[in-house]
Amino acid sequence: MILNRFANAIREQNWFTVVLEIVVVVVGIFIGLQVDDWNQDRLEKKIGVQYLENIRIAVNADISMLDALHERVIGRRAAAEAVLAAVQSGEYADPGLFIRQVDRAGRFTTPIYQRAAYEDMVATGRSRLIDAVLRSLLHEYYRQQLLYDVGAELQERRVFEGYLPIAVNALPLESQRWIYDTFEKDVAPLKGPAFLTEDAAETLAKLRENPDATAGLKGVIRGTWSQERNTRAVRELAIEMKSKLDAAIDAPGPQ
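Residues numbered from 1 in each chain as written. Predicted model: local features only at pLDDT ≥ 70, side-chain atom pairs only at ≥ 80, totals over all residues. Heavy atoms only, no water.

## Regarding the packing of aromatic side chains
Reasoning step 1: Overall, the coordinates contain four aromatic pairs when judged by the stated rule.
Reasoning step 2: Look at Tyr92 and Phe98: their rings are 4.7 Å apart centre to centre, the planes differ by 10°, and that puts the pair in the stacked class.
Reasoning step 3: For Tyr92, a relative accessible area of 27% gives the class partly exposed.
Reasoning step 4: We classify Phe98 as buried; its relative accessible area is 1%. (Phe/Tyr/Trp six-rings, centres within 6.5 Å; stacked < 30°, edge-to-face > 60°. Buried < 20%, exposed > 50% of the residue type's maximum accessible area, 1.4 Å probe, protein only.)

Below is the structure:
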């Protein structure tokens, strides 16, 4: 219909109508483009907020993981200290508990972070959808995780290459099987089956005879100091990151 009016106006040389029709068409196109831009902007903001919500879920999972990891690190240090004291004194209080402590001192736990949401956002180029300051904080948070992984790998090698072979060699197989059978149970105080008395004595004797056992245990203990410090540092950063994400999601403002 617009084209018909436009053609008629030209034939009739009604230039006012011609100009008016052109203005109407141009304004209509402009408004249409603006609406498309507004819709795209609104969609991108929605996508950006969804990424932040997914990352917040991941950071909350990181905090829970770090809390559990901290407890395991403290438990591993306590076990290593108890075994070291037994090696130095030649005595232990409970055979079953001692067997479990020898095993627990060598159970290194690797931190597992939830990075998928952040990595997907970066890989798809959608990190531009969030505030630049928040984007920088997220980058630093995940960079610190990677740095922590390097330290964790060093401590893992100290355990698996330094102490664990010594512990495995010292523990009789029957006691090792018993450890796995009771691993998830609350077994303190530990009396356990009768064979543990003989096995604990044999384990202690082998550890005392091995000149590398003391050094291995001290390496485990030293490693827990580093791992505890790093775990605490990353957890504090995660708490700060969660606070920033909460603020951005609850009151996102312009992205």
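## Topic: the packing of helix 5 (residues 132–170) against helix 8 (residues 211–250)
Reasoning step 1: Packing of helix 5 against helix 8 leaves a shortest axis separation of 9 Å and a crossing angle of 165°. The angle between the axes of helix 5 and helix 8 places the two elements in the roughly antiparallel class. Handedness of the crossing formed by helix 5 with helix 8: left-handed.
Reasoning step 2: Residue composition of the contact of helix 5 with helix 8, by class: 17 nonpolar, eleven polar and five charged. (Axes fitted to C-alpha atoms, helices over the stretch in contact; angles between N-to-C directions. Helix = DSSP H or I, 4+ residues; strand = E, 2+ residues; numbered from the N terminus. Parallel < 35°, antiparallel > 145°, perpendicular 65-115°, else oblique. Left-handed = near helix turned anticlockwise from the far one by under 90°. Nonpolar A, V, L, I, M, F, W, Y, C, P; charged D, E, K, R; others polar.)

## Quick word on the nonpolar core
In a soluble, globular protein the nonpolar side chains are often hidden away together inside.
Reasoning step 1: By size, the foremost hydrophobic cluster in this structure holds 35 residues, and its most contacted members are Val83, Phe98, Ile99, Val102, Tyr163, Leu207 and Leu217.
Reasoning step 2: Those elements that provide at least two residues to this core are helix 2 (15–89), helix 3 (95–104), helix 5, helix 6 (173–181), helix 7 (195–209) and helix 8.
Reasoning step 3: Grouped together as the second largest cluster of nonpolar side chains are 18 residues, Ile55, Ala117, Met121 and Met241 included. (Core = buried A, V, L, I, M, F, W, Y, C linked by side-chain atoms within 4.5 Å.)

## Observations regarding the environment of Ala152
Reasoning step 1: Position of Ala152 relative to the elements: it lies in helix 5.
Reasoning step 2: Classification of Ala152 by relative accessible area gives buried; the value is 7%.

## Things to note about the pattern of salt bridges
Reasoning step 1: Going through the model one piece at a time under the given rule, you end up with nine salt bridges.
Reasoning step 2: Here Arg77 and Glu228 are joined by a salt bridge, their closest N and O atoms 2.4 Å apart. With a gap of 151 residues between them, Arg77 in helix 2 and Glu228 in helix 8 connect regions that are remote in the sequence. Assigned by exposure class, Arg77 and Glu228 land together as buried.
Reasoning step 3: Across the pair Arg107 and Asp103 runs a salt bridge, and its minimum N-O distance is 2.6 Å.
Reasoning step 4: Look at Asp103 and you get buried, because its relative accessible area is 12%.
Reasoning step 5: Through salt bridges with shared partners, one network takes in Arg56, Lys242 and Asp246. (Salt bridge = Lys/Arg side-chain N within 4 Å of Asp/Glu carboxyl O.)

## Quick word on the side chain of Ser175
Reasoning step 1: Relative to the helices and strands, Ser175 resides in helix 6.
Reasoning step 2: Among the residues examined, Ser175 registers a relative accessible area of 0% and is labelled buried.

## Side note on helix 6
Reasoning step 1: Buried residues of helix 6: Ser175, Gln176, Trp178 and Ile179, and no others. On an axial view of helix 6, the arc spanned by its buried residues comes to 160°, and they lie on one face. Of the exposed residues in helix 6, those oriented more than 90 degrees away from the buried face are Leu173, Arg177, Tyr180 and Asp181.
Reasoning step 2: In this structure, the buried residues of helix 6 make contact with helix 3, helix 5 and helix 7. (Arc of directions from axis to C-beta. Contact = heavy atoms within 4.5 Å.)

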